[in-house]
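Fold and contact review
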Amino acid sequence: MSDNQSPLNEFNHLNIVLIETSHPGNIGSAARAMKVMGLNQLHLVAPKTFPNAQATALASGAQDVLANATVSPDLDSAIADGRLILGTSARLRSLAWPQLDVREAAALARKEAQKGPVYVLFGRESSGLNNEELRRCHYLVHIPTADDYSSLNLSQAVQVFSYELRMALLQGHAPMVEPADYEPVGDDKMEGLFQHLEQALLELRFLDPSHPKRLMLRLRRLFLRARPDVNEYNILRGILSAIEKFAAKQ
Ligand code: SAH
C-alpha cells in the first residue's frame, strides 16, 4: 500500500471515474486536480491511450495517482460496489433526473464516502456521458456556468468537483439522517434488480415490449431514489420471483 492509499486519507472511498477519455493530457491534468485536493482514487474506463507521456507530463507531482489508477474495459466493473453514483453533466437532459449542484453533491459525497465507495462519473470530451451511463446515477451534478456556454474542460470539471469536496471536508460533517446501520446495496445489485424487474413485468404482460415507453426508466428513477438496503432488496427480489411464478401459471 502506497502512502497515498493510507487508511487515514479521508477521501479513500471517493472515486473519480473518467469514461472513454480521448486526450491523455486530460487524464494527467485530472490526476493533478485530484491530488492537490487530497483525492487519490482514479479510475479510467476504456481510455483512448493510457499510459501516455503527455498524461505523465501534465500530472506533474501527481504521478502516483496515475500509477495507482485502475483501468477497466467497461463501467460495470468500475463501479460495481458503489453505494452512491454521481454523474456530472454540462447539460440538462430530456427526462428529469434528480439533480444536485456541485456544492450539494460534494457535501453528500463527502458524507457517504465515510461509509463506503462513492463514484463520480465524468464523460467524454466530445459527447459527455451517454444516457445509459446517466441512468446509472443517483444524481446528476451540474457545475453552474454562464448561460451561453456550459461545457468545462474535463480536467477543470474534475478540479471544481475536487475543490468542493475539500471545502465540504473543511466545513465538517453533514448531519446523518439514516439509521446508523443503514447500508444501501451496491450498483451491481441494483442492475440485477432492474433486469429482474423488467423480466417480471414482461412475464406479467404489464410491460409491452412493442410499447415500452419510458416505464423502465421511470421505475429505475424510483428505485434509485429509494436506495434500498440489503433486506429491502431481498424482499423486492422475492416479490419479483413470486410474480414470475404466478405469471407462469396463468
Ligand atoms: N460536449 C459535452 C461536454 C463534455 S465536457 C457535452 O455536451 O456533454 C467533458 C465532461 O466534463 C462532461 O462529460 C462532464 O463530466 C464534465 N463537465 C463539463 N462541464 C460541466 C459542467 N458545467 N457541470 C458538470 N460537469 C461538467
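As the structure is a prediction and not an experimental result, all values here were calculated from the model.

All right, on to helix H8 (residues 187–203) then. Here H8 spans 24 Å end to end across 17 residues, near enough to the 24 Å set by a 1.5 Å rise per residue. If you check which residues of H8 are buried, you get Asp187, Met190, Glu191, Leu193, Phe194, His196, Leu197, Ala200 and Leu201. Arg205 lies just past H8 and shows a positive phi near 60°.

Taken together, 20 residues form the shell around the ligand, and within it Thr88, Arg91, Ile143, Ser150 and Leu152 come nearest. One nitrogen or oxygen atom from the main chain of Ser89 is found 3.2 Å from a nitrogen atom belonging to the ligand. At a separation of 2.8 Å, a nitrogen atom of the ligand approaches a polar backbone atom of Ser150. Against a free-state accessible area of 550 Å², the protein chains account for coverage of 93% of the ligand. Contributing elements (two or more residues each) for the shell around the ligand: strand S7 (139–142) and helix H7 (154–170). The residue makeup of the shell around the ligand, split by class, is seven nonpolar, ten polar and three charged.

Right, let's talk about unusual backbone geometry for a bit. In this chain, Phe50 is followed by Pro51 through a cis amide linkage whose omega measures -5°. Take Pro51: it is sitting in the loop between strand S2 (41–45) and helix H2 (53–59). Phi at Arg227 is positive, roughly 45°, even though this residue is not glycine. Checked against the element boundaries, Arg227 lands in the loop between helix H9 (215–226) and helix H10 (230–249).

So, on to the side chain of Ser155. Tracing the chain through its elements places Ser155 in helix H7. There is a polar contact of 2.7 Å between the side chain of Ser155 and the side chain of Asn153.

In this structure, Leu14, Ile16, Leu18, Leu42, Phe122 and Phe161 are the most contacted members of the largest nonpolar core, which totals 39 residues. It is H7 that provides the largest number of residues to this core, a total of six residues. Listed in part, the 29 residues of the second largest apolar core include Val17, Tyr119, Cys137 and Leu201.

So, on to the pairing of strand S4 (residues 84–88). Counting buried positions over the five residues of S4 gives five, a clear majority of the element. Going residue by residue along S4, you find Leu84, Leu86 and Thr88 tucked away on one face and Ile85 and Gly87 tucked away on the opposite face as well. Bridging between S4 and strand S6 (residues 118–122) involves four bridges; their strand directions are parallel. Bridge assignment links Gly87 to a residue of S6, and that residue is Leu121. As paired strands, S4 and S7 are joined by three bridges and run parallel to one another. Opposite Thr88, over in S7, you have Val141 as the bridge partner.

The domain architecture assigned to the chain consists of domain 1 (7–171) and domain 2 (187–249). Each of domain 1 and domain 2 was reduced to a C-alpha centroid, and the two centroids are 29 Å apart. Each partner contributes residues to the interface: domain 1 has 16 residues there, and domain 2 has ten residues. Here domain 1 and domain 2 share an interface that buries about 1300 Å² over both sides, 54% of which is from carbon and sulfur atoms. Across the contact surface, domain 1 and domain 2 share three salt bridges. With a closest N to O distance of 2.6 Å, Asp187 and Arg136 form a salt bridge. At the junction of domain 1 and domain 2, the tally comes to nine residue pairs in polar contact (both at pLDDT 80 or more). Grouping the amino acids of the side of domain 1 that touches domain 2 by side-chain chemistry returns nine nonpolar, three polar and four charged.

Another aspect to go through is the pairing of S7. Looking along a regular strand, one sees side chains alternate from face to face of the sheet. The sheet contact formed by strand S5 (residues 99–101) and S7 spans three bridges and is parallel. Residue pairing for S7: Gln99 is matched across the bridge by Leu140.

Basis of the calculations
- Residues numbered from 1 in each chain as written.
- Predicted model: local features only at pLDDT ≥ 70, side-chain atom pairs only at ≥ 80, totals over all residues.
- Heavy atoms only, no water.
- Helix = DSSP H or I, 4+ residues; strand = E, 2+ residues; numbered from the N terminus.
- Expected span 1.5 Å × (residues − 1).
- Buried < 20%, exposed > 50% of the residue type's maximum accessible area, 1.4 Å probe, protein only.
- Near = heavy atom within 4 Å.
- Polar contact = N/O pair within 3.5 Å; in protein donor to acceptor, adjacent residues only side chain to side chain.
- Areas by Shrake-Rupley, 256 points an atom, 1.4 Å probe, with all protein chains shown as cover.
- Nonpolar A, V, L, I, M, F, W, Y, C, P; charged D, E, K, R; others polar.
- Core = buried A, V, L, I, M, F, W, Y, C linked by side-chain atoms within 4.5 Å.
- Pairing = 2+ DSSP bridges.
- Domains from an automatic or database assignment.
- Contact = heavy atoms within 4.5 Å.
- Buried area = accessible area lost by both parts, 1.4 Å probe.
- Salt bridge = Lys/Arg side-chain N within 4 Å of Asp/Glu carboxyl O.

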